[in-house]
Structure formats: structure tokens, C-alpha cells
Amino acid sequence: MDKEAALLANEPILKVAINAPLRTLFDYLPPKAGGALLPGMRVRVPFGRTRQVGLLVALAPASDVPSVRLRRVEEILDLQPLLGAEDMDLLLWAARYYAHPVGEVFATAIPTLARQGRRLGERRVARAAAAASPADAERLAGRAPRQAAILRQLLAAPLDLETADDEFGPGWRGPFRRLEAQGLVEITLAPADSEGDVPGPDTGGPTLTPSQAAAVENIIGAPGPGPVLLFGVTGSGKTEVYLRAIESVLAEGRQALVLVPEIGLTPQTVRRFRRRFGCRIAVLHSGLTEKVRLEAWMDARSGRARIVIGTRSAVFTPMPDCGLIAVDEEHDPSFKQQEGFRYSARDIAVVRAHRSGIPVVLGSATPSLESMRNADAGRYRRVDLAERAGSAARPVVRVVDLRVTPAREGLTTPLLQAMQRHLDGDGQVILFLNRRGYATALFCSECGWVAECPRCDARMTVHQHPAGLRCHHCNRSEQPPSTCRQCGAGLRPVGQGTERIEAVLAAQFPDLTVGRLDRDTAKTRESLTALLEDMRQGRTRILVGTQMLTKGHDFPDVTLVGVLNCDQGLFGTDFRSDERLAQTILQVSGRAGRRERRGEVILQTSYPQHRLLSHLVSGGYADFTREALDERAAAGWPPFSHLAMLRAEATGRGEPMGFLQRCRDLAEGGRRTCVSILGPAPAPMERRSGRYRAQLLFRSTARPDLHALLNDLLPAVESLKESRRVRWSLDVDPVELF
Ligand code: ADP
Ligand code: ZN
Ligand code: ZN
């Protein structure tokens, strides 16, 4: 062993996660100088020809990399770990489970500014060590005058390192390090001064109903841990249950984490929590500036914030003493990230709670079939809130048969009459239509030509504000042709979008304010907030909108909800279409009659006999799920099997299919398992944004088999030369099959 190697042998190897699309941790040597090294600290490292900030994940006795090729960490950026051991174990678990590059997984969990190496809301304070005395300074004075000066100053008072340049003069680091090596000085962390956050008193809530009380008892006083599925119709007081459970967790001095769907996190939600609790609350969502996000995150991590409310990625928020996790609207697809690291925040919440031994409650009026199944199988404890809280009763549901009563411009006479009745009675009206824009297509009635997107297998949508044709899949916009490109005849906008309904309503009810809630009107959080506020205050009398309407908004005076077209989605290609449609219809219906006045729901459909609709009208969601689960079981779809999807896309048509066929061959060449492979097949919309897309589906009833196959397969896929000619991704537990 040469001398260098002997030296290295005594040094630990640092395993570092770096934000790069690679499945490994990277090995480094410790920095030449520096303090304690603990997993969870950020380190600055040389990486290829660049420098990166990585996260120290573990220390190991040895490396597989030859020692001459190991490089050193340049700097340790934290004096205390940024992430705790539990946080890191969870991330490592997630990287394995989703078979995703570990550095990108860690990057998801850490705010951008922290990843860029920003010093975090902590001051580094230099102070004299307890053992140091003025005698040490005297002893050093002759031989090392600068060391002596620094030590004297620190013996007098500790110093914020930020001001060290001014106080000690430039070039102080060398002498300081030598003092550190002699054990005479040290650097400690002090919390940055947080603005005084005077906690207000907690205000009490209403007296719980017996079923609410039982739910709270199940969550926090349960005989053992394990998720609670809180199945409660909209307005049944689920939020009140979370609040009570949180209250008792806070009383024990612990923190609570609340996850909500992206659009469910409105100022109204946050206000409700703030009004109830006097403590500091950290709010985390995608609309924050990086600076604000970092502050909120640091508040959670330091424990200053007692409650964290956030969307998807908040599930990774480090919290020193989290005692409860609540996931509201657990069925919401926005909990699943659809690009990059495709994780399910709902599922990770369950795993996090399990690993930390704390309660978790999943709440919904329309739980996912996965969660219903977990409850049936005894893995979750299901608690039902069957009735609305307070005085509100369930809305009356009516079906209008479009074959008998055709709609004009999307609205039938019975619906218009009901609207008039509710508006006259001072109620507000919500109309749901899952299509934004003015018309769904621009159509030539002479030859049947339709304006299509040149880059997608899709029609262009007609918009009026701003006017033009737009593709909802690639965002392309263009001026509409004035005449048919094929025969020169005139063109007609066909089909209804929310813009068109809004215009029709404005003409029909000229004295009332009609609002519209969709991605076009709610482009920013501010515009969304303004729209919701107008509705809550009653300025808007009729609100027409898309899916965005369904997300748990509480509009007290809405008494009528109309679903303009239930048939979109009745015959979808995805095995989840039924579930999604049932959830959407029930969620939007749930906006009706949340107070004293009885609500009414009108469903317009051409298929009034469809079993899905009749279930929803008569028996409700539980009946629907029983039948839907039987169908899933018969067809072998989740939750009775587990899926993983490999997707690929490229500008050439054959490449994605060719690549996925190679992947299939590799998978079949591997060891025999009970995983069936479906495809490759072109995606339901094969061309999108000018790229051809295809998919390969893995399905298994045994999760370990599926994961074993993926773990073997991915490295082989990465080394395929075809993999460099396509863009590909893996989606474990996909929620959409295209
Ligand atoms: P969900 O989250 O299930 O939609 P909420 O918790 O928002 O239901 O409750 C719906 C409404 O009923 C709210 O206005 C809430 O203040 C009220 N509420 C909830 N629980 C009770 C209760 N036990 N007594 C009286 N009112 C209640
Ligand atoms: Zn034509
Ligand atoms: Zn397009």
C-alpha cells in the first residue's frame, strides 16, 4: 500500500446525492478542513467540470472507486443536518420504490435556494471554546499574533461569522482554522432572529357530532397505528375532524402536516386554520417565490411552525416532531406528480406515517378505489360521516334526458327554469362543463373539414378571449381561417366550451354577474383568489367552470349545481374513467346547498340509464365503488394488480415503438416472474407537440416481483443505444394511462 492509499484508508467515504439523472450516489473524500460531517448536510463538490451542491447521505468505510479517482468535498455548507435520518430514509425508500434517480428525488424534497447552496436561516457564530482562556492568547501572542488577536476578541464576545471580515480583517480564515485545530475556538449555529410571531389563542370549534367524535378518536386515540380513511360526504365536517385531531397533537407539543390538492389550497383554507390555531403555520405550494418557500420550509424544519399546510411536495417537508398527517381529498389526481419524479404524495404520506409510527388520515367524499379496497381488506380503518354537519341536508339529484329534452347552446329548459327559480330565491348557481374555450371545434358543414393541430392528433379549440384557435395539448395558437381550407365554404364553431356558456348566460341573464372559473381565467393565484372571493361574497350569481370547480370550495349560498354534459367520460378508454367521472360529478354536486337551504343538482345526459349515473343518483358513491371494484377485480386492474408504465417519445414514428420493443425483449430475457407485459402500443393520442409517443405496461399481482423486474431492467434500458434516441420515462403506479 502506498503512502497516499494508507492515508486514504483512514478517511471515511462520503456518499453524496447529486441532482442528476443517475441512479447512484457519488463517492467523495472529506474536505481537507472542516467540522463535523453528518448525513443530511449539504456539501459543495466538484462534479465533472462543474461544481454542484449535493447532500451527504451516508458515510462509508470504503469505496468501489479506485482511491486515485476519488475527489474531495470542497466545502460543508451546513453545521447541522438539513434533513434528519427519517427524512432521508423516506427519500431513499421513494427513490427505490419509484425506481428514480436518487439525486432528483432529494432535489424534490429541498427548496431550490437551499439546493443552490444558500446559507439557511441560521447564523454561524464563532466563539471561544470552553477550555480556552486568556492565558492561551498570551502564549500565542509572540509566535502567532493574529491568532492571539482573534482569540482575545472571541473570549470577550462571540461573533457572527458574516461580520468576521470586518471584525478580524481579511485573511482571518487561516489563523481561525489553526485556532480551531487547537480546540481553542469553535463555530456554532444560532437560529436567525425570527420575526416575533405572537401566538394568538386557539379558538374552539363546534361541538362534534357523534360520528365526528368517533373519527377523531379513531385517528389519535386508536388502538394501534394505521391509516384512517375518512369517508364523508362533502360538507360532512371532515375538515373539522382534521382540526380536532391536530389540536390534540399540538397539545402534546408535536407538529402536524396537512396535504391538500394544488387548487384546494386557497387563502380560505389557510384562513380557517389560522383562525382556529394561534400557532405559526407554514404554507407550501407551487405559487410561492423561492425566497418565501425557503422561509416556510425552514420554519417547518426548525419546528417554529407547528402546522405545515402544503400541496404535493410538502409531503417531504422535514419536521422535527411531526405527530400527524392529514391528506384532504385523497382521491385527487394532483397528488401524483406527472413528470420527472412521478411520486404519489398520498402514498408517500402513508409510508411516512408508518415509518414514523404516527397517525395518518386520508379524507374524501369520493375516496380512490385503492383506498376503498385498502379499507375493505382491513389495511385502513374506514370511518364514515354519512350526513352533512350542521343543518345542511343532502342535495336532491335530478337527471335531464338530453334525448327527450334537447339542449340549446348546452342548456335545457328544465335547467334554465331551475336556475331562474334558485336565482329568484337568492341562491347562487354553479354550472360544470369540462371544456374550456368557446367551441370544441371549427367545422365546415359543406365538406366536414375540421381545424386540427398540425403538431398533435387533436382538434383545435376555438377561443374568443383572446380570439383564435388553440391546441390544448401543445398550446399552439393560430388565427382561424376565414373559409374552409378544403372547399372554401364558410366555417362554424361547434360544441360548447365554458366561454360560450358564459356568453350565452350573459345574454340570458343580462342583470346578473356571470363568472367563469377555468385555466384561462385563473391563470395566477391572484386571479383565482379574486374569482373565488367574488363568488363567496355573492357578487357573482352564476359561476360556470371546469374541473377547477370541484376542489372543495365552500360557497355557502350555492343552491343549484348543473352538470351540463355527464357523457364526456362515460365511455373513456382509461380503466379509471368511470371512477374519475363519478368523483367529478359527486364533487361538483357537493357544492350545492352547504347551508340551511336544500341544494339541487341537475345532471344533463343522453344516457340516463347508465349504471354509473343511476348508482350516483340512488345509492351514492359507496354503491358505485362496490360495483366498480368488482369490475376491476374481474379485469385484473388496480387495486387488484400493480402497474408500471414505460413511456417513450421521439420525432420519428418508429423510434418509440422500436425502443420499447427492445425494453420488452430485455424484460422477457430476464428472470421469470409473474409480471405480464402489455405492448408496446402507440399512446391513445399518438402525436403530441410534434412527437410520437408509445407505451409499454407492466402488470403484476405481486409488487415485489414488479419491483425486482424494474430494478433489473432499468440499468439495462439505460445502456441501450436506442435509449439515447428517445425521451423515455418510468411511471410506477401510473394514474393516467396516457
Ligand atoms: P368537509 O371538509 O367535509 O367539506 P367541513 O369541515 O368544511 O366539511 O364542514 C362543513 C360545514 O359544516 C362548515 O361550515 C363547518 O364549520 C360546519 N361544521 C362542521 N362540523 C360541525 C359540527 N359538528 N357542528 C356544526 N357545524 C359543523
Ligand atoms: Zn369544407
Ligand atoms: Zn397541438
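Every value quoted in this text rests on a predicted model; they were computed, and no experiment measured them.

**Here's the deal with the overall build of the chain**
Link 1 in the chain: In terms of regular secondary structure, the chain is built from 22 helices and 31 strands.
Link 2 in the chain: The C-alpha atoms of the chain give 30 Å as radius of gyration, which agrees with the globular expectation for 738 residues (27 Å, within 12%).
Link 3 in the chain: Its C-alpha atoms give the chain principal-axis dimensions of roughly 100 × 65 × 55 Å.
Link 4 in the chain: Within the chain, buried positions represent 53% of all 738 residues.
Link 5 in the chain: Considering only contacts within the chain whose residues lie at least 6 apart along the sequence, 75% involve residues at least 24 apart.
Link 6 in the chain: Accessible area of the chain: about 32,600 Å², with a carbon and sulfur share of 50%.
Link 7 in the chain: Counting 98 positive and 85 negative side-chain charges, the chain places the centres of these two groups 3 Å from one another.

**Section: the coordination of the zinc ion (ligand 2)**
Where a metal carries four tetrahedral donors, each ideal angle is 109.5 degrees; where it carries six octahedral donors, the ideal angles are 90 or 180 degrees.
Link 1 in the chain: Around the zinc ion (ligand 2), the protein contributes the donor atoms Cys-444 (SG), Cys-447 (SG), Cys-484 (SG) and Cys-487 (SG), at 2.3 to 2.4 Å from the metal centre.
Link 2 in the chain: Here the zinc ion (ligand 2) is ringed by four donor atoms whose angles at the metal span 103 to 113°, and the overall shape comes out tetrahedral.
Link 3 in the chain: We classify Cys-484 as buried; its relative accessible area is 4%.
Link 4 in the chain: Given a relative accessible area of 40%, Cys-487 falls into the partly exposed group.

**Notes on the coordination of the zinc ion (ligand 3)**
Link 1 in the chain: Surrounding the zinc ion (ligand 3) are the protein donor atoms Cys-453 (SG), Cys-456 (SG), Cys-471 (SG) and Cys-474 (SG), at 2.2 to 2.3 Å.
Link 2 in the chain: Viewed at the metal, the four donor atoms of the zinc ion (ligand 3) are separated by angles of 106 to 114°, and the geometry they form is tetrahedral.
Link 3 in the chain: Each donor residue of the zinc ion (ligand 3) lies on one chain, and together they are spaced C-x2-C-x14-C-x2-C. Residue Cys-453 is located in the loop between strand 19 (441-444) and strand 20 (461-464), and its partner Cys-474 is located in the loop between strand 21 (467-470) and strand 22 (477-478); the two are separated by 21 residues in the primary sequence.
Link 4 in the chain: You can call Cys-474 buried: its relative accessible area is 15%.

**Considering the nonpolar core**
If you look at soluble globular proteins, the nonpolar side chains tend to sit buried side by side.
Link 1 in the chain: Grouped together as the largest cluster of nonpolar side chains are 115 residues, with contacts concentrated most on Phe-106, Phe-316, Ile-325, Ile-348, Ile-430, Leu-517 and Phe-698.
Link 2 in the chain: Of all the elements, helix 2 (residues 85-97) adds the most residues to this core, at seven residues.
Link 3 in the chain: Leu-243, Leu-265, Ala-326 and Val-361 belong to the second-largest nonpolar core, a separate cluster that totals 30 residues.

**What to know about the packing of helix 14 (residues 369-376) against helix 20 (residues 621-635)**
Link 1 in the chain: Two numbers describe how helix 14 lies on helix 20: the axes approach to 11 Å, and their chain directions differ by 90°. By the angle between their directions, the pair helix 14 and helix 20 is classed as roughly perpendicular. Residues Leu-369, Met-372, Arg-373 and Asp-376 of helix 14 pack against Thr-625, Ala-628, Leu-629 and Arg-632 of helix 20.

**A word on the packing of aromatic side chains**
Link 1 in the chain: One pass over the structure, following the stated rule, counts 13 aromatic pairs.
Link 2 in the chain: Between Trp-93 and Tyr-97, the aromatic rings sit 4.9 Å apart at their centres with planes inclined by 20°, giving stacked as the arrangement. One end of the pair, Trp-93, and the other, Tyr-97, are both in helix 2, four residues apart, so they sit about a helical turn from each other. With respect to burial, Trp-93 and Tyr-97 carry one shared label: buried.
Link 3 in the chain: Seen from their ring centres, Tyr-97 and Tyr-98 are 4.8 Å apart, and the 75° between their planes marks the pair as edge-to-face.

**Overview of the site of ligand 1**
Link 1 in the chain: Surrounding ligand 1, one finds 17 residues, the nearest of these being Thr-207, Gln-212, Lys-238, Thr-239 and Arg-272.
Link 2 in the chain: Arg-272 has a polar side-chain atom sitting 2.7 Å from an oxygen atom of ligand 1.
Link 3 in the chain: Protein contact buries 79% of the 550 Å² of open area that ligand 1 shows by itself.
Link 4 in the chain: In terms of residue class, the shell around ligand 1 is made up of four nonpolar, eight polar and five charged.

**Looking at the side chain of Asp-299**
Link 1 in the chain: Residue placement: Asp-299 occurs in helix 12 (residues 290-302).
Link 2 in the chain: With a relative accessible area of 12%, Asp-299 lands in the buried category.
Link 3 in the chain: Among residues more than four places away in sequence, those in contact with Asp-299 are Arg-280, Arg-304 and Ala-305.

**Some words on unusual backbone geometry**
Link 1 in the chain: For the bond running from Pro-638 to Pro-639, omega is 5°, close enough to zero to count as cis.
Link 2 in the chain: Considering the arrangement of structural elements, one finds Pro-639 in the loop between helix 20 and strand 28 (642-650).
Link 3 in the chain: Between Gly-679 and the following residue, Pro-680, the backbone shows a cis peptide bond with an omega angle of 10°.
Link 4 in the chain: Position of Pro-680 among the secondary structure elements: in strand 29 (residues 675-688).

**Comments concerning the sheet that holds strand 28**
Within a beta sheet, neighbouring strands are joined by backbone hydrogen bonds and run either parallel or antiparallel to one another.
Link 1 in the chain: What the four strands build is an open sheet, ordered 29-30-28-31; its pairing is antiparallel. Taken across any chain shown, the strands that pair with only one partner, and hence form the sheet edges, are strand 29 and strand 31 (727-732). Geometrically, the sheet is characterised by an average inter-axis angle of 20° between neighbouring strands, direction not taken into account.
Link 2 in the chain: The pairing of strand 28 with strand 30 (residues 691-700) spans nine bridges and is antiparallel. Residue pairing across strands places Leu-643 opposite Arg-699, the latter belonging to strand 30.

**Quick notes on the sheet that holds strand 5 (residues 71-72)**
Link 1 in the chain: With respect to topology, six strands assemble into an open sheet ordered 5-2-1-4-3-6, the strand pairing being mixed. At either margin of the open sheet sits one strand with a lone partner, and together these are strand 5 and strand 6 (75-76).

**Examining the domain arrangement of the chain**
Link 1 in the chain: According to the domain assignment, the chain consists of domain 1 (3-115), domain 2 (122-191), domain 3 (210-385), domain 4 (396-439 + 495-632) and domain 5 (642-732).
Link 2 in the chain: Relative to domain 5, the C-alpha centre of domain 1 lies at a distance of 30 Å.
Link 3 in the chain: Listed by partner, the interface residues are five residues for domain 1 and eight residues for domain 5.
Link 4 in the chain: Between domain 1 and domain 5 the total buried area reaches about 590 Å² when both faces are included, carbon and sulfur atoms providing 50% of it.
Link 5 in the chain: By the criterion of area lost to domain 5, the three top residues of domain 1 are Arg-23, Tyr-97 and Ala-99, representing 75% of everything that side buries.
Link 6 in the chain: Counting every contact that joins domain 1 to domain 5 gives one salt bridge.
Link 7 in the chain: Between Glu-718 and Arg-23 there is a salt bridge, and its shortest N-O distance comes to 2.6 Å.
Link 8 in the chain: Applying the counting criterion to the domain 1 and domain 5 interface returns three residue pairs in polar contact (both at pLDDT 80 or more).
Link 9 in the chain: Here the residues of the side of domain 1 that touches domain 5 are counted per class, giving three nonpolar, no polar and two charged.

So, how was this worked out
Residues numbered from 1 in each chain as written. Chains lettered and ligands numbered in written order. Predicted model: local features only at pLDDT ≥ 70, side-chain atom pairs only at ≥ 80, totals over all residues. Heavy atoms only, no water. Helix = DSSP H or I, 4+ residues; strand = E, 2+ residues; numbered from the N terminus. Rg over C-alpha atoms; globule rule 2.2 N^0.38 Å. Buried < 20%, exposed > 50% of the residue type's maximum accessible area, 1.4 Å probe, protein only. Contact = heavy atoms within 4.5 Å. Areas by Shrake-Rupley, 256 points an atom, 1.4 Å probe, with all protein chains shown as cover. Lys, Arg positive; Asp, Glu negative; His and termini not counted. Charge placed at Lys NZ, Arg CZ, Asp CG, Glu CD. Donors = N, O, S within 2.8 Å, 3.2 Å for Na, K, Ca; no water. Tetrahedral: all angles 85-135°; square planar, octahedral: opposite > 155°, others 65-115°. Core = buried A, V, L, I, M, F, W, Y, C linked by side-chain atoms within 4.5 Å. Axes fitted to C-alpha atoms, helices over the stretch in contact; angles between N-to-C directions. Parallel < 35°, antiparallel > 145°, perpendicular 65-115°, else oblique. Phe/Tyr/Trp six-rings, centres within 6.5 Å; stacked < 30°, edge-to-face > 60°. Near = heavy atom within 4 Å. Polar contact = N/O pair within 3.5 Å; in protein donor to acceptor, adjacent residues only side chain to side chain. Nonpolar A, V, L, I, M, F, W, Y, C, P; charged D, E, K, R; others polar. Pairing = 2+ DSSP bridges. Domains from an automatic or database assignment. Buried area = accessible area lost by both parts, 1.4 Å probe. Salt bridge = Lys/Arg side-chain N within 4 Å of Asp/Glu carboxyl O.

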